[in-house]
Number of protein chains: 2
Amino acid sequence: MSLPIEQWRADTPATQHLVHLNNAGASLMPRVVVDAIVDHLGLEAEIGGYEAADLRQSAIDDVYGALAALLGSRARNIAIVENATVGFAQALSAFDFAAGDRIVTTRNDYISNQLAFFALRERAGVEVVRAADLPEGGADAEDFARQLRDPRVKVATVSWMPTNSGLIQDVPAIAAACAAVGVPLIVDACQVVGQMPIDAPALGCHFLCGTARKFLRGPRGLGFLFVSDAALEAGLYPRAPDMQGARWTGPEQFELADSAQRFENWEFSHALVLGLGAAVRYALAVGLETIQSRCHELAAYTRTKLSAIDGVTILDRGARRGAIVTAALRDRDPREVVRALHRRGINTTATLREWARLDMEAKGVDAALRVSPHYYNTVEEIDRLAEALLVDPAG
Amino acid sequence: MSLPIEQWRADTPATQHLVHLNNAGASLMPRVVVDAIVDHLGLEAEIGGYEAADLRQSAIDDVYGALAALLGSRARNIAIVENATVGFAQALSAFDFAAGDRIVTTRNDYISNQLAFFALRERAGVEVVRAADLPEGGADAEDFARQLRDPRVKVATVSWMPTNSGLIQDVPAIAAACAAVGVPLIVDACQVVGQMPIDAPALGCHFLCGTARKFLRGPRGLGFLFVSDAALEAGLYPRAPDMQGARWTGPEQFELADSAQRFENWEFSHALVLGLGAAVRYALAVGLETIQSRCHELAAYTRTKLSAIDGVTILDRGARRGAIVTAALRDRDPREVVRALHRRGINTTATLREWARLDMEAKGVDAALRVSPHYYNTVEEIDRLAEALLVDPAG
């Protein structure tokens, strides 16, 4: 199979001068994404912000259809939200927690989600229960299922792919366990969206949130939330719905939107929304299966190349691993290495213990180098990274 | 006093072909705002989204200082939030409501805030109490103070200027009443920011939220929240703090940021943030006193001109009125009039009963024409609006 790699790179002008291996942070936007944003900003300056939204209403509506196509869902199940954290918080806020209620999660859930749980523990007396990990890494879906069998469990959550390692959690098994006992599940798919095919309705989760800026290659400052029919039918809604999510139907009455829109707020940067739409269409045109196989192959190649370097230890664990590679560096501070690589035109990042305490403490490291290739990267770029790490002791 | 009106209009190229009187919706961005946004988007595409944020960190930090200057506050009291609704919801979420707790507000609070209160009533049994209006319109600060003297009152809120009329609420008196009895106050200043000088610390409110896109002339999709020292010292924090607002300090511990940052989420469009900064600096350079006196004069002139037209009734009430003019139109649907004016190159908008039930029902109208001039508008533009309404029965 011949892949149009040159076309992808031509669509991403920065690849001509830059090795961008920080796609799990924020990927490079294809030119069509930047153009869509800049065009709409120009229109807003030319005719007014509300007037531009009116004029482009059908293009804005189409973004929901594009996201629905990406997630195997219908447009009515898609909420566009300010970012994935807002999406996750909106979903979590649909549940009224009382003291003793339980949230079941994993040892690898995203830091911001963990912080939200801690706050609920402090404020509402919620108990946070984490499923045990398998010996090879990743949550034990059977233990997850066991923890669900407690009547105090109110909701379950899982980060499909933690931001601090290449682990892919077995979300289908976890979602099936939740569905079997009727516990609502919130999936944080931030690192998976745009990297792997997703069929959100087939998972059976109540909510699934994602971000625009990572593997989806959209703009910073935007995200989305899939809301299942079951969640809508259960009447779930966020703690503070606004005029986008509800109508003021009488002096003291309100009525929720019958779609996922009830989880949206009214105000948007429509420029960013249109950029997100362009990013989704671009990903669909490349093909999610193609994207997945190529970026996972490049990640596997990265692990092989880096592990051959003296003093480098690959930290990624789990039965299945994706397009994030993390490595411990003997005698080198990953933050220094990231800066040195940056000076050589190679973008990577460092992941710190304080962002993933449970996982990083189990691995016994304070910081790791994180390399996240995407489908538009090349083997030669990975080789350049490996060479830079080899020739320069400071990275 | 000679004002640099031509310069303001030159900085806003669309004024050459457009009469924009929808500044209470979204104002026209000055060129420097659009340039700041587009420049940063270009940088993100050129060097990467995280790398661009690192490179522009000091410019991003400066935006907090600019907002602090706008609000008479310090940078540590400023949170940048996704939009004003998120800011208001974050502030409201700092309080744990139990059944019977009361929120004291006005009959003119913004629809989205009202919907949030209704949701709290339905979900948590919170009671919503609205201060009576004065005969001339606007909340009676004495009645507001009376309602506060109930031990069940947990928090008070006021929209400084409702979106559906020119009313300016007596926020200093309401804030003083709250401070006198120690009830935390959340001020929604969306329509006031960029239109009038604000000294948030002097008000003594706990929180004050605002938006970028209205009279401040910033981008759509961004807002901010002032958090007072008293609110910080009281240990208030949002229901779902994320890694921007808190640190994960031990396996089961977290620590809040000691500044207003605890009300922020981590992910931003830094392009929009830099655009907001440019808008704030532009407003400060024009001068808030200058802005206020000019746009209030233009609004008063608009009321005079429109009320001279047969079948037009000005709806704005209250002892003090600002740069929003609302008018009932006999035998004409304001939505149709807005479309007809738009065809003549004049941007206005319609405000509907369902967005402001209590006020619009008291006024006995289903819809009103809303005209919101800003300091860069001219008397000639108001005259053009009036002529268009006169010569064309459809508007």
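If you're wondering where the values come from, they're calculated on a predicted model, not measured in any experiment.

A.B. asks: How would you explain the overall build of chain A if you had to name every residue and give the values?
C.D. replies: The helix and strand inventory of chain A stands at 15 helices and 15 strands. Radius of gyration (C-alpha) of chain A: 21 Å, near the 21 Å computed for a compact globule of 395 residues. Counting only C-alpha atoms, chain A reaches 70 × 55 × 40 Å along its principal axes. Within chain A, the proportion of its 395 residues that are buried is 68%. Pairs at least 24 apart in sequence give 70% of the contacts found in chain A among residues at least 6 apart. Counting only carbon and sulfur atoms, one obtains 49% of the accessible surface of chain A, whose full area is about 13200 Å².

A.B. asks: Residues and numbers for the sheet that holds strand S2 (residues 78-81) of chain B, please.
C.D. replies: Backbone-to-backbone hydrogen bonds pair the strands of a sheet. The strands run either parallel or antiparallel. Residue and element names in this part refer to chain B. Spatially, S2-S8-S7-S6-S5-S3-S4 is the arrangement adopted by the seven strands of the open sheet, whose pairing is mixed. Bordering the open sheet on either side are S2 and strand S4 (127-130), each of which pairs with just one other strand. Neighbouring strand axes in the sheet, compared pairwise and without regard to direction, differ in orientation by 20 degrees on average. Here strand S3 (residues 102-105) pairs with strand S5 (residues 153-159) via three bridges, running parallel. Of the residues in S5, the one forming a bridge with Val104 is Ala156.

A.B. asks: Lay out the side chain of Asp101 of chain B with the relevant residues and their values.
C.D. replies: Along the chain, Asp101 of chain B turns up in the loop between helix H5 (84-92) and S3. Ignoring anything within four residues of it in the chain, the contact list for Asp101 of chain B reads Asp96, Val126, Glu127, Arg152 and Lys154 of chain B.

A.B. asks: A description of the relation of the copies chain B and chain A should follow, citing residues and the corresponding values.
C.D. replies: Turning chain B through 180 degrees and shifting it by 0.0 Å along the axis lays it on chain A, with an RMSD of 0.0 Å. Taken together, the rotation and translation describe the operation of a two-fold axis. Taken together, the interface assignments show that 100% of the residues at the interface of chain B recur at the interface of chain A, consistent with an identical surface on both copies.

A.B. asks: Now, about empty space enclosed by the protein: what can you tell me, with residues and values included?
C.D. replies: Counting across every chain of the model gives ten cavities of 30 Å³ or more. Volume-wise, the largest cavity comes out at about 400 Å³. In this structure, the largest cavity is lined by 23 residues; those nearest its centre are Ala89, Gln90 and Ser93 of chain A together with Ala89 and Gln90 of chain B. Mapped onto the lining of the largest cavity, the elements with two or more residues apiece are helix H5 (84-92) of chain A together with H5 of chain B. Partitioning the lining of the largest cavity into residue classes produces 13 nonpolar, eight polar and two charged. Here the second largest cavity is characterised by a volume of approximately 200 Å³. In this structure, the second largest cavity is lined by 19 residues; those nearest its centre are Tyr110, Asp188, Cys190, Arg213 and Lys214 of chain A. By residue class, the composition of the lining of the second largest cavity is seven nonpolar, seven polar and five charged.

A.B. asks: Which residues make up the nonpolar core, and what values do they have?
C.D. replies: Within the largest apolar cluster, 160 residues are counted, with the highest numbers of intra-cluster contacts made by Trp160 and Leu208 of chain A together with Trp160 and Leu208 of chain B. In contact with Leu208 of chain A, not counting residues within four places along its chain, are Leu71, Trp160, Val187, Ala189, Ile198, Ala200, Leu203, Phe224, Leu225 and Phe226 of chain A.

A.B. asks: Quick rundown of unusual backbone geometry? Include the residues and the values.
C.D. replies: Phi angles above zero are rare outside glycine, and Arg217 of chain B is one such case at about 70 degrees. Position of Arg217 of chain B among the secondary structure elements: in the loop between strand S7 (207-211) and strand S8 (223-227).

A.B. asks: Before we move on, could you go through the packing of aromatic side chains and cite the residues and values that matter?
C.D. replies: Per the counting criterion, the structure on display carries 20 aromatic pairs over all chains. Each ring, one from Tyr375 of chain A and one from Tyr376 of chain A, has its centre 6.0 Å from the other, and the planes form 85 degrees; the classification is edge-to-face. On the accessibility criterion, Tyr376 of chain A (0% relative accessible area) is buried. Of the aromatic side chains, those joined through ring pairs into one cluster are Phe95, Phe97, Phe207 and Phe263 of chain A. One residue, Arg123 of chain A, lies across the ring of Tyr237 of chain B, its end atom 5.0 Å from the ring centre.

A.B. asks: Got a sec to walk through the side chain of Lys363 of chain B? Specific residues and values, please.
C.D. replies: Residues and elements named next belong to chain B. Here Lys363 is to be found in helix H14 (residues 357-363). From its side chain, Lys363 meets the backbone oxygen of Leu315 in a polar contact 3.2 Å long. Once residues lying within four places of it in the same chain are set aside, the contact partners of Lys363 are Ser165, Leu315 and Arg317.

A.B. asks: Give me the lowdown on the pairing of strand S9 (residues 246-250) of chain B, citing residues and values where you can.
C.D. replies: Residue and element names in this part refer to chain B. Note: S9 against strand S10 (residues 253-256), four bridges, orientation antiparallel. Opposite Arg247, over in S10, you have Glu255 as the bridge partner. Where S9 folds back onto S10 in an antiparallel hairpin, the turn is made up of two residues.

A.B. asks: Explain the sheet that holds strand S11 (residues 312-314) of chain A residue by residue, including any values.
C.D. replies: Residues and elements named next belong to chain A. Here we have four strands laid out as an open sheet, ordered S11-S12-S15-S14, and antiparallel in their pairing. Where the open sheet ends on each side, the last strands, each with one partner, are S11 and strand S14 (349-352). Going across the sheet, the axis of each strand differs from the next one's by a mean of 40 degrees, ignoring polarity. The sheet contact formed by S11 and strand S12 (residues 325-329) spans three bridges and is antiparallel. When the sheet's bridge partners are listed, Thr313 is paired in S12 with Ala328. Sitting on the sheet, helix H13 (residues 334-343) touches S12, S14 and strand S15 (367-371), and the angle it makes with S15 is about 30 degrees.

A.B. asks: How would you sum up the interface of chain B and chain A? Please name residues and give values.
C.D. replies: Opposite the 81 residues of chain B that make contact, chain A presents 81 residues. Buried area between chain B and chain A, summed over both chains or domains, comes out near 7200 Å², and the portion from carbon and sulfur atoms is 58%. If you sort the residues of chain B by the area they bury against chain A, Arg123, Arg220 and Trp248 of chain B come out on top, with a joint share of 14%. Run the count over chain B and chain A and you get ten salt bridges. Residues Glu267 of chain A and Arg213 of chain B are paired through a salt bridge, measuring 3.4 Å at the closest nitrogen-oxygen approach. For the pair chain B and chain A, the interface holds 41 residue pairs in polar contact (both at pLDDT 80 or more). Here the side of chain B that touches chain A takes eleven residues from helix H6 (residues 111-124) of chain B, the largest share from any one element.

A.B. asks: Which residues make up the environment of Thr106 of chain A, and what values go with them?
C.D. replies: Residue and element names in this part refer to chain A. The topology assignment puts Thr106 in the loop between strand S3 (102-105) and helix H6 (111-124). Residues Thr106 and Asp333, spaced 227 residues apart in sequence, show a C-alpha to C-alpha distance of 28 Å. A polar side-chain atom of Thr106 sits 3.0 Å from the main-chain amide nitrogen of Asn108. A distance of 2.7 Å separates polar atoms of two side chains, one belonging to Thr106 and the other to Asp109.

Cut-offs applied
Residues numbered from 1 in each chain as written. Chains lettered and ligands numbered in written order. Predicted model: local features only at pLDDT ≥ 70, side-chain atom pairs only at ≥ 80, totals over all residues. Heavy atoms only, no water. Helix = DSSP H or I, 4+ residues; strand = E, 2+ residues; numbered from the N terminus. Rg over C-alpha atoms; globule rule 2.2 N^0.38 Å. Buried < 20%, exposed > 50% of the residue type's maximum accessible area, 1.4 Å probe, protein only. Contact = heavy atoms within 4.5 Å. Areas by Shrake-Rupley, 256 points an atom, 1.4 Å probe, with all protein chains shown as cover. Pairing = 2+ DSSP bridges. Axes fitted to C-alpha atoms, helices over the stretch in contact; angles between N-to-C directions. Least-squares fit on C-alpha atoms with pLDDT ≥ 70 in both. 1 Å grid on protein atoms, 1.4 Å probe; cavity = no way out; pocket = protein on both sides within 12 Å on 5 of 7 lines; lining within 4 Å. Points joined across faces, edges and corners; volume = space filled by probe spheres on them. Nonpolar A, V, L, I, M, F, W, Y, C, P; charged D, E, K, R; others polar. Core = buried A, V, L, I, M, F, W, Y, C linked by side-chain atoms within 4.5 Å. Phe/Tyr/Trp six-rings, centres within 6.5 Å; stacked < 30°, edge-to-face > 60°. Lys NZ or Arg CZ within 6 Å of the ring centre and 35° of its normal. Polar contact = N/O pair within 3.5 Å; in protein donor to acceptor, adjacent residues only side chain to side chain. Buried area = accessible area lost by both parts, 1.4 Å probe. Salt bridge = Lys/Arg side-chain N within 4 Å of Asp/Glu carboxyl O.

Keep in mind these values describe shape, not function.
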